[in-house]
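# Fold and contact review
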Amino acid sequence: MKIIELKETITASNDRDAAVLRAELKEKGTLLVNLMASPGAGKTTLLERTIRDLKDEMNIAVMEADVDSDVDAVRIEKIGAKAVQAHTDGMCHMDAGMTRRALEGLGDEPFDLVVLENVGNLICPAEFDTGAGKCVMLLSVPEGDDKPLKYPLMFSVSDVLIITKTDVAPYFDFDFDACIARAKKLNPNITIFKVSAKTGEGFEEWEAWLKSAVKNWKN
Ligand SMILES: Nc1nc2c(ncn2[C@@H]2O[C@H](COP(=O)(O)OP(=O)(O)O)[C@@H](O)[C@H]2O)c(=O)[nH]1
Ligand SMILES: [Mg+2]
């Protein structure tokens, strides 16, 4: 029986589309950040605070990807950034073609930074290059420090790991050192921040990294 491995074909053509999109965004001077995490890890909350802090320094837009609803895009617009909601029609990830269509929805305005809040899960989004210049993942304290062991690909493809909800650490047995060691074993170059959107802990460091990533993307 002849077996055709479709997935390989799909990801190979996606990789080509993603490379083309990344080059176009580089030319425009727009840094696209692919933000990935489980549902409820704090992606939208992190974005709300980050946009509030940086919106006077740079032109930021957000693409919210979800299976349904527009709740996250509405939250982002309330902060004063341009937002579009992309529905994935049941798909658990965004690929480069879907990302291109969502970008078209933002119009022709030149943005310094566009964040794609990917569909919430730690598996499928890691498998598809969206054309982003940087991949940033969140892991929240309540999810546990063993997640690098269970979802290694997500930690391997991310440039940055943000451990969120540090304010609730007293209520969870989250071993920061063990989590960081596990992430670094998978990806020695990963940059790690510990933040709380409640107290503001770690935002200065995360936002400094983001500002420098936007600046370097334009050079
Ligand atoms: N205690 C605490 N709760 C947070 C923090 N960040 C987000 N949350 C809460 O976690 C829940 C999910 O946040 P949300 O940003 O919608 O997660 P998303 O699904 O990843 O976009 C909400 O109830 C937030 O208020 C944090 O730093 N500390
Ligand atoms: Mg969200």
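Attention in this report is confined to the structure presented alongside it.

Procedures and definitions
- Residues numbered from 1 in each chain as written.
- Chains lettered and ligands numbered in written order.
- Predicted model: local features only at pLDDT ≥ 70, side-chain atom pairs only at ≥ 80, totals over all residues.
- Near = placed C-beta within 6 Å.
- Helix = DSSP H or I, 4+ residues; strand = E, 2+ residues; numbered from the N terminus.
- Nonpolar A, V, L, I, M, F, W, Y, C, P; charged D, E, K, R; others polar.
- Buried ≥ 20, exposed ≤ 12 C-beta atoms within 10 Å, placed from the backbone.
- Pairing = 2+ DSSP bridges.
- Axes fitted to C-alpha atoms, helices over the stretch in contact; angles between N-to-C directions.
- Contact = placed C-beta atoms within 7 Å.
- Right-handed = clockwise from strand over helix to strand, strands pointing away.
- Expected span 1.5 Å × (residues − 1).
- Arc of directions from axis to C-beta.
- Core = buried A, V, L, I, M, F, W, Y, C linked by C-beta atoms within 7 Å.
- Parallel < 35°, antiparallel > 145°, perpendicular 65-115°, else oblique.
- Left-handed = near helix turned anticlockwise from the far one by under 90°.

Near ligand 1 lie 16 residues; those nearest to it are G42, K43, T44, T45 and A197. Ranked by the residues each element gives to the shell around ligand 1, the list is headed by helix α2 (residues 43–54), at three residues. For the shell around ligand 1, the residue count by class is five nonpolar, seven polar and four charged.

Within the chain, S69 stands out as a residue other than glycine whose phi angle is a positive 75°. By C-beta crowding, S69 is classed as exposed, having 11 other C-beta atoms within 10 Å. Of note in the backbone geometry, D89 takes a positive phi value of approximately 55° without being a glycine. Examined against the element boundaries, D89 turns out to sit in the loop between β3 (82–87) and α4 (96–105).

Pairing in this open sheet of seven strands is parallel, and the strands run β3-β2-β4-β1-β5-β6-β7 from one edge to the other. Of all the strands in the sheet, the pair left with one neighbour each is β3 and β7 (191–194). Sheet twist, expressed as the mean angle between neighbouring strand axes with direction ignored, is 20°. With four bridges connecting them, strand β6 (residues 160–164) and β7 associate as parallel partners. Bridge pairing in β7 links I162 to F193. Where α2 meets the sheet, its contacts fall on β1 (31–36), β2 (60–66), β4 (113–117), β5 (134–140) and β6, and the angle it forms with β4 comes to roughly 165°.

Inspection of the sheet shows β2 paired to β3 by six bridges, in the parallel sense. Among the inter-strand pairings, A65 is bridged to a residue of β3, identified as A86. Running through helix α3 (residues 71–79), the crossover from β2 to the neighbouring parallel element β3 is right-handed.

Our focus in this paragraph is α2. Taking 1.5 Å of rise per residue, twelve residues should cover 16 Å, and α2 covers 16 Å from first to last C-alpha, within 8% of that figure. Of the residues making up α2, those classed as buried are K43, T44, L46, L47, T50 and I51. Considered in projection along α2, the buried side chains sweep an arc of 150° and stay on one side of the axis.

This part is about the nonpolar core. Grouped together as the largest cluster of nonpolar side chains are 58 residues, with contacts concentrated most on V33, V114, L116, M137 and I162. Setting aside residues no more than four positions away along its own chain, I162 makes contact with L46, V136, L138, F193, V195 and W206.

A few words now on the packing of α2 against α3. At a minimum axis distance of 9 Å, the contact between α2 and α3 shows a crossing angle of 15°. With respect to α3, the axis of α2 lies roughly parallel. Here α2 and α3 pass one another in a crossing that is right-handed. Taking contact as the criterion, the partners of T44, L47, E48, I51 and R52 in α2 are, on α3, D72, R75, I76 and I79.

With four of five residues buried, β6 is to be regarded as a mostly interior element. Pairing analysis gives five bridges linking β5 to β6, with the strands arranged parallel. What sits directly across from L138, in β6, is I162.

What follows concerns the packing of α2 against helix α9 (residues 203–218). Interaxial distance between α2 and α9 falls to 11 Å at its minimum, and their mutual angle equals 70°. By the criterion of interaxial angle, the relationship of α2 to α9 is roughly perpendicular. Our pair here, α2 against α9, has a crossing hand that is right-handed. Along the contact surface, α2 presents R49, T50, D53 and L54, while α9 presents F203, E207 and L210.

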